[in-house]
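Notes for the structure review
Residue strings, one per chain:
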Amino acid sequence: MKIAILGGTGSFGRAFAHRLAALGEDEVVIGSRDAVRARDAAEALGSPRVTGAANEDAVRGADLAVLAVKADGALDTARGIADALGETPLLSVASAITFEKGVGALPDSDGLSLAERIQDVVRAPVTAGLHSIAAANLDHAPPEEDALVCGDDARAKELALQVADKLVAGRALDAGPLASARALEGLTAVIVNVNRRYKAHAGVRITGVE
Ligand SMILES: NC(=O)c1ccc[n+]([C@@H]2O[C@H](COP(=O)([O-])OP(=O)(O)OC[C@H]3O[C@@H](n4cnc5c(N)ncnc54)[C@H](OP(=O)(O)O)[C@@H]3O)[C@@H](O)[C@H]2O)c1
């Protein structure tokens with residue numbers, strides 16, 4: 001599979017690419033607003049299966065694109081690559097959480113998830129997931145966590161689940177329609193608050209599912 005990681009120069013994108021490169025099964029293209037930065041990030045991973053390109057070029061010919069840019073740039077990035085992306089499935093890992101001094105991390109106050117708003121600006125089927133997996137937990141080995149993925153398009157969701165399964169030692173679980181991204185993105189605020197309180201890199205395990 002060819003996987004483009006938009007914003008792959010950042011903490012999460014690099015960790016994601018590192019895990020895929022370690023498995024050696026897929027071709028990975030790290031995307032960036034700056035092609036040189038993308039190529040440098042790809043080179044640093046030292047795998048012939050990882051290359052770098054500007055975001056718009058990274059998605060051309062990909063089987064799956066992962067939107068891993070900073071959340072406040074996610075909508076504009078999606079708009080910018082929409083034509084190059086065409087019908088290629090797009091997996092958003094972004095959460096638009098906010099921080100309030102003295103209070104902590106807060107879920108986005110918008111009624112719709114970022115992923116649903118992204119779906120409004122691209123033709124491609126959008127899925128959302130992996131929000132609960134900390135970049136730091138991807139450094140060494142697949143973490144003992146589950147990866148939750150949601151989406152309305154069955155084929156796009158299967159593809160996203162397939163990739164999510166490569167990242168974790170737990171399970172990749174179908175969390176339902178794209179509207180579930182409201183909860184999955186909101187969960188990021190919960191995890192950030194737990195991390196701050198307990199000085200941890202918390203993850204999620206769903207119990208009761210075989
Ligand atoms: N960090 C985690 O543990 C984690 C876990 C799960 C999900 N996520 C999600 O993954 C996404 C990336 O997180 P991160 O921690 O890797 O973020 P990050 O390092 O702050 O940013 C990732 C990349 O986004 C690009 N970027 C920054 N501002 C942008 C803008 N205004 N427009 C377009 N691109 C921009 C940058 O790439 P270029 O400058 O090279 O273009 C940057 O390297 C976020 O949406 C976050 O919610 C993060």
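First things first, this report covers the structure right here in the doc.

Here is what the cut-offs are and how they apply
Residues numbered from 1 in each chain as written. Predicted model: local features only at pLDDT ≥ 70, side-chain atom pairs only at ≥ 80, totals over all residues. Near = placed C-beta within 6 Å. Helix = DSSP H or I, 4+ residues; strand = E, 2+ residues; numbered from the N terminus. Nonpolar A, V, L, I, M, F, W, Y, C, P; charged D, E, K, R; others polar. Expected span 1.5 Å × (residues − 1). Buried ≥ 20, exposed ≤ 12 C-beta atoms within 10 Å, placed from the backbone. Arc of directions from axis to C-beta. Contact = placed C-beta atoms within 7 Å. Pairing = 2+ DSSP bridges. Right-handed = clockwise from strand over helix to strand, strands pointing away. Core = buried A, V, L, I, M, F, W, Y, C linked by C-beta atoms within 7 Å. Axes fitted to C-alpha atoms, helices over the stretch in contact; angles between N-to-C directions.

**Some points on the site of the ligand**
- In the vicinity of the ligand lie 26 residues, with G7, G10, S32, G73 and A94 positioned nearest.
- Where the shell around the ligand is concerned, the elements lending two or more residues are α1 (11-23) and α4 (74-85).
- Broken down by element, the residue count for the shell around the ligand peaks at three residues, all from α1.
- A class-by-class count of the residues in the shell around the ligand yields ten nonpolar, ten polar and six charged.

**So, α4**
- The terminal C-alpha atoms of α4, which comprises twelve residues, lie only 14 Å apart, well short of the 16 Å expected from a rise of 1.5 Å per residue.
- Buried residues of α4: A74, T77, A78, I81 and L85, and no others. Taken down its axis, α4 places every buried residue within 95° of arc, on the same side. More than 90 degrees from the buried face of α4, the exposed residues found are D76 and D83.
- Where α4 is buried, its residues meet β1 (2-6), α3 (55-58), β4 (64-67), β5 (90-92) and α5 (114-119).
- Taken from the residues just after α4, G86 is the one with a positive phi, measuring 60°.

**Section: the environment of E185**
- Residue placement: E185 occurs in helix α7 (residues 181-198).
- Excluding its chain neighbours within four sequence positions, the residues that come into contact with E185 are S95, A96, D108, S113, L114 and H131.

**A short note on the pairing of strand β8 (residues 126-129)**
- By the alternation rule, side chains of β8 split into V126 and A128 and T127 and G129, which are all buried.
- Taken together, the three bridges between β5 and β8 define a ladder with parallel strand orientation. Among the inter-strand pairings, S92 is bridged to a residue of β8, identified as A128.

**A short note on the environment of A128**
- Mapped onto the elements of the fold, A128 is located in strand β8.
- Considering only alpha carbons, one finds A128 and C150, 22 residues apart in sequence, at a separation of 5.4 Å.

**Details of the pairing of strand β2 (residues 27-32)**
- Within β2, five of the six residues are buried, leaving the element largely enclosed by the surrounding structure.
- With five bridges joining them, β1 and β2 adopt parallel strand pairing. Across the sheet, the residue bridging to L6 is G31, located in β2.
- In this region the chain leaves β1, passes through α1 and returns to the parallel neighbour β2; the handedness of that crossover is right-handed.
- Here five bridges tie β2 to strand β3 (residues 50-54), and the two strands are oriented parallel to one another. Bridging across to β3, V29 finds its partner in T51.
- Handedness of the β2-helix α2 (residues 35-45)-β3 crossover: right-handed.

**Some thoughts on the nonpolar core**
- Among the nonpolar cores identified, the biggest contains 62 residues, and A4, I5, L6, F16, A65, V66 and L67 are the most heavily contacted of them.
- Top contributing element to this core by residue count: helix α6 (residues 154-167), with seven residues.
- Those residues in contact with A65 that lie beyond four places of it in its chain are A4, L6, V59, L85, T88 and L90.

**Focus on the sheet that holds strand β9 (residues 147-151)**
- Taken together, the eight strands give an open sheet; going across it, the order is β3-β2-β1-β4-β5-β8-β9-β10, and neighbouring strands pair in mixed fashion. Sheet topology places β3 and β10 (172-174) at the edges, where each strand pairs with a single neighbour. Across this sheet, the average inter-strand angle for adjacent strands is 25°, counted without regard to direction.
- Pairing between β9 and β10: three bridges, direction parallel. Within β10, the residue paired with V149 across the bridge is D174.
- The sheet contacts of α2 involve β2 and β3, and relative to β3 the element is tilted by about 170°.
- Contacting β1, β4 and β5, α4 crosses the sheet at an angle of about 165° to β4.

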